[in-house]
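# Structural characterization, general
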Amino acid sequence: MTVTIAYRVAPGREAEFHSWATTLLSVIAQVPGYLGGGILASGETGAEWHLIHRFDDDDNARAWEISAARTQLAARADQIAEETGRRGISGLKSWFDGPETPVAAPPPAPQPPPKWKLWFVNMSAVFPPVLIFNLTVIPYLSSVNPLLRTLALCLTVTAIVTWVLMPRLQRFLKKWLYPPLQAFRGRHKRRAA
């Protein structure tokens, strides 16, 4: 079990709190089942500090919580800091999960646009650069090997389509490509207002 305790330290008493927390960690190190711990200091005056300690099981953690040594040390801490929160977590998975409040399921992913719309957007992005390249550059490359000429065409057109035309076309045609998503966003904005 991992226990995290948040403290708001009185301004100017940070060094005293750090000394107290170090003492607490040296005392708790003698407790059976203790696996380790530490102090997370914010470095800001009056900001929150966190004291973390881990035990091998819940019983050893509870034994520490009700021990006389912890009660005495906690009484000393009350003079220099205010406890603002406490959280006990068992297992590693819950350490990385957020608070144990139910989380609403995310909305379903929007359906991809129909194939004919994708074809239209792709053709709108590919045709103009291919036409311009064929009219302006290819005549100057007539003596070049057809394989190299085609490679130059593909590299140039692919770069233009990928980084220039497709992002702009997708942004411009977003409402046409994804109408259900736009309708959902519109309802969301109306409800929030």
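Here is what the cut-offs are and how they apply
Residues numbered from 1 in each chain as written. Predicted model: local features only at pLDDT ≥ 70, side-chain atom pairs only at ≥ 80, totals over all residues. Heavy atoms only, no water. Helix = DSSP H or I, 4+ residues; strand = E, 2+ residues; numbered from the N terminus. Buried < 20%, exposed > 50% of the residue type's maximum accessible area, 1.4 Å probe, protein only. Contact = heavy atoms within 4.5 Å. Areas by Shrake-Rupley, 256 points an atom, 1.4 Å probe, with all protein chains shown as cover. Patch = residues over 30% accessible without salt bridge, like charges linked within 9 Å, V, L, I, M, F, W, Y side chains within 5 Å. Salt bridge = Lys/Arg side-chain N within 4 Å of Asp/Glu carboxyl O. Pairing = 2+ DSSP bridges. Axes fitted to C-alpha atoms, helices over the stretch in contact; angles between N-to-C directions. pLDDT = per-residue confidence, 0-100. Phe/Tyr/Trp six-rings, centres within 6.5 Å; stacked < 30°, edge-to-face > 60°. Parallel < 35°, antiparallel > 145°, perpendicular 65-115°, else oblique. Nonpolar A, V, L, I, M, F, W, Y, C, P; charged D, E, K, R; others polar. Left-handed = near helix turned anticlockwise from the far one by under 90°.

Each helix and strand in the protein was counted, giving eight helices and four strands. Counted from the first residue to the last, the protein has its helices and strands arranged as β-α-β-β-α-α-β-α-α-α-α-α. The buried share of the protein, taken over its 193 residues, is 25%. Considering only residue pairs separated by 6 or more positions, the protein has 69% of its internal contacts joining residues 24 or more positions apart. Of the accessible surface of the protein, which amounts to about 13,400 Å², a share of 64% is contributed by carbon and sulfur atoms.

Side chains of Trp-116, Trp-119, Phe-120, Met-123, Phe-127, Leu-131, Leu-135 and Trp-176 sit close together on the surface and give an oily, nonpolar patch of about 890 Å² of accessible area. By secondary structure assignment, the location of Phe-127 is in helix 5 (residues 115–136).

Turning our eyes to something else, we now look at the sheet that holds strand 3 (residues 48–55). With antiparallel pairing, four strands are arranged side by side in an open sheet as 2-3-1-4. Edge strands, defined here as strands with exactly one partner in the open sheet, are strand 2 (34–40) and strand 4 (81–89). Between one strand axis and the next, the sheet turns by 15° as a mean value, whatever way the strands run. The pairing of strand 2 with strand 3 spans six bridges and is classified as antiparallel. Looking at the pairing, Gly-38 lines up with Ile-52 of strand 3. Contacts from helix 2 (residues 58–65) reach strand 1 (2–9), strand 3 and strand 4 within the one sheet, and its direction differs from that of strand 3 by about 130°.

A separate point is the pairing of strand 3. Bridging between strand 1 and strand 3 involves seven bridges; their strand directions are antiparallel. Within strand 3, the residue paired with Thr-4 across the bridge is Ile-52.

Of the residues in the protein, 80% reach a pLDDT of 70 or more, and the chain-wide mean stands at 80. Helix 4 (residues 92–96) is the least confidently modelled element of the protein, averaging 52 in pLDDT, while helix 5 averages 93, the highest of any element. Low confidence marks residues 188–193, where pLDDT is under 50. Its contacts with residues over four positions away, or in another chain, come to zero contacts.

Turning to the packing of aromatic side chains, a few remarks are in order. Each aromatic ring pair is specified by the distance between its two centres and by the angle formed by the two planes. Under the counting rule described, the total for this entry stands at seven aromatic pairs. Seen from their ring centres, Phe-17 and Trp-20 are 5.3 Å apart, and the 40° between their planes marks the pair as tilted. Here the residue Phe-17 and the residue Trp-20 both occupy positions in helix 1 (residues 14–28), the gap between them amounting to three residues, near one helical turn. Across this residue pair, the class does not change: Phe-17 and Trp-20 are buried. Look at Phe-17 and Trp-49: their rings are 5.4 Å apart centre to centre, the planes differ by 80°, and that puts the pair in the edge-to-face class. Here Phe-17, found in helix 1, pairs with Trp-49, found in strand 3; they are 32 residues apart in sequence, far enough to count as distant.

Looking now at the packing of helix 1 against helix 3 (residues 68–77). As a packed pair, helix 1 and helix 3 sit with axes 11 Å apart at the nearest point and diverge in direction by 175°. Judged by the inter-axis angle, helix 1 sits roughly antiparallel to helix 3. In this structure, helix 1 uses Trp-20, Thr-23, Leu-24 and Val-27 to contact helix 3, whose residues at the interface are Ala-69, Leu-73, Arg-76 and Ala-77. Each residue belonging to the contact of helix 1 with helix 3 can be placed in one class, and the counts come to six nonpolar, one polar and one charged.

This paragraph deals with the packing of helix 5 against helix 6 (residues 146–172). In contact at an axis separation of 9 Å, helix 5 and helix 6 are set at 135° when each is read in the N-to-C sense. It follows that helix 5 is oblique to helix 6 by the angle criterion. Our pair here, helix 5 against helix 6, has a crossing hand that is right-handed. Taken together, the residues of helix 6 that come into contact with helix 5 (itself represented by Val-121, Asn-122, Ser-124, Ala-125, Val-126, Pro-129, Val-130 and Phe-133) are Ala-152, Leu-153, Thr-156, Val-157, Ile-160, Val-161, Leu-165, Met-166 and Leu-169. The residue makeup of the contact of helix 5 with helix 6, split by class, is 14 nonpolar, three polar and no charged.

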